[in-house]
Every structure is written in structure tokens, then in C-alpha cells.
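# Coordinate inspection notes
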Amino acid sequence: MDDCIFCKILNGEIPAKFIHSDGDTAAFYDVNPQAPTHILIIPKEHIASSAEVDSQNSDVWNKILGRAVQIAHELNLDKDGYRMVINTGEQGGQTVPHLHLHLLAGRNLGWPPG
């Protein structure tokens, strides 16, 4: 998608500090971190939000959730704990219209979150 910031990052038009990239997913550090560790995991296929996941592309959940858990393990985030967040829609806190998972760690992530 031409105006999607995450698609532009994937295409190299906007720089990002990548921690992972494969044929299906990419992960990079958030430029406005909300925790000491704040990584975004996205599908390379443009899917605007979780509301657009259907039977044709539902494997995206295994891809992004699995990648998040793998990254958390590789960075030893599982030792103290971490949070995974997926916001959907404007009132749900989604600011970029490309499905993405926030992996947050490194501080006490209290409840309720917002």
C-alpha cells in the first residue's frame, strides 16, 4: 500500500532498526518506545487491522504471535515477563493502518494498561 508507513519501512523508503525479517514477517524497534524494549512485529502482507483477518489469511496469527514469542525468548524477555498488544481501530488505539503486534518489556507493565 502506497501510503502505509510500515509498507514504506518494508520497502526501505523509511529507515528502521530491524531485529528480524523473513519471507512472512518483519520485526523492528518502535521509534516512540513505551517501554525499555518495544518491538513491532508485522506481517509483510498488508493487512490493515485484525478486523481484516479472515479464513483466507488467518495463518497471519501464527506467524506474528510465534515470531513475537521467539524474539522474546531470544532477548531473554521471558525471564521477567513481557506484554503483547494488538490494537484494532482508532478507539482501540491503532495509529498505523497495518496489522502489528507490540512486544513490550523491561518495566512493570501494570493493569489496566491505558
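Everything that follows concerns the structure shown earlier in this document.
All values derive from a computational prediction rather than experimental measurement. (Residues numbered from 1 in each chain as written. Predicted model: local features only at pLDDT ≥ 70, side-chain atom pairs only at ≥ 80, totals over all residues. Heavy atoms only, no water.)

### What about the overall build of the protein chain?
Secondary structure assignment for the protein chain yields 2 helices and 5 strands. Listing every helix and strand of the protein chain by position from the N terminus yields α-β-β-β-α-β-β. A compact globule built from 114 residues would reach a C-alpha radius of gyration of about 13 Å, and the protein chain, at 14 Å, matches this within 12%. Principal axes of the C-alpha set define a box for the protein chain whose edges measure 35 × 30 × 25 Å. Counting only residues that meet the buried cut, the protein chain has 39% of its 114 residues in that class. In the protein chain, once contacts between residues fewer than 6 apart in sequence are set aside, the share between residues at least 24 apart is 54%. Total accessible area on the protein chain is roughly 6900 Å²; 48% of this is exposed by carbon and sulfur atoms. (Helix = DSSP H or I, 4+ residues; strand = E, 2+ residues; numbered from the N terminus. Rg over C-alpha atoms; globule rule 2.2 N^0.38 Å. Buried < 20%, exposed > 50% of the residue type's maximum accessible area, 1.4 Å probe, protein only. Contact = heavy atoms within 4.5 Å. Areas by Shrake-Rupley, 256 points an atom, 1.4 Å probe, with all protein chains shown as cover.)

### Examining the nonpolar core
Among the nonpolar cores identified, the biggest contains 15 residues, and Ile41 and Leu103 are the most heavily contacted of them. Elements that contribute at least two residues to this core include exactly strand E3 (37–43), helix H2 (60–74) and strand E5 (101–105). Of the residues forming this core, the biggest block, 5 residues, is contributed by H2. Among residues more than four places away in sequence, those in contact with isoleucine 41 are Ala26, Ala27, Ile64, Arg67, Ala68, Ile71, His100, Leu101 and Leu103. Counting 9 residues, the second largest nonpolar core, distinct from the first, contains Ile9, Ala26, Leu40 and Ile42. (Core = buried A, V, L, I, M, F, W, Y, C linked by side-chain atoms within 4.5 Å.)

### Remarks on the state of the cysteines
All chains considered together, the criterion is met by 0 disulfides. Here cysteine 4 is not disulfide-linked; the sulfur of cysteine 7 is the nearest cysteine sulfur, at 3.7 Å. (Disulfide = S-S within 2.5 Å.)

Function-wise, these values are silent; they only describe arrangement.
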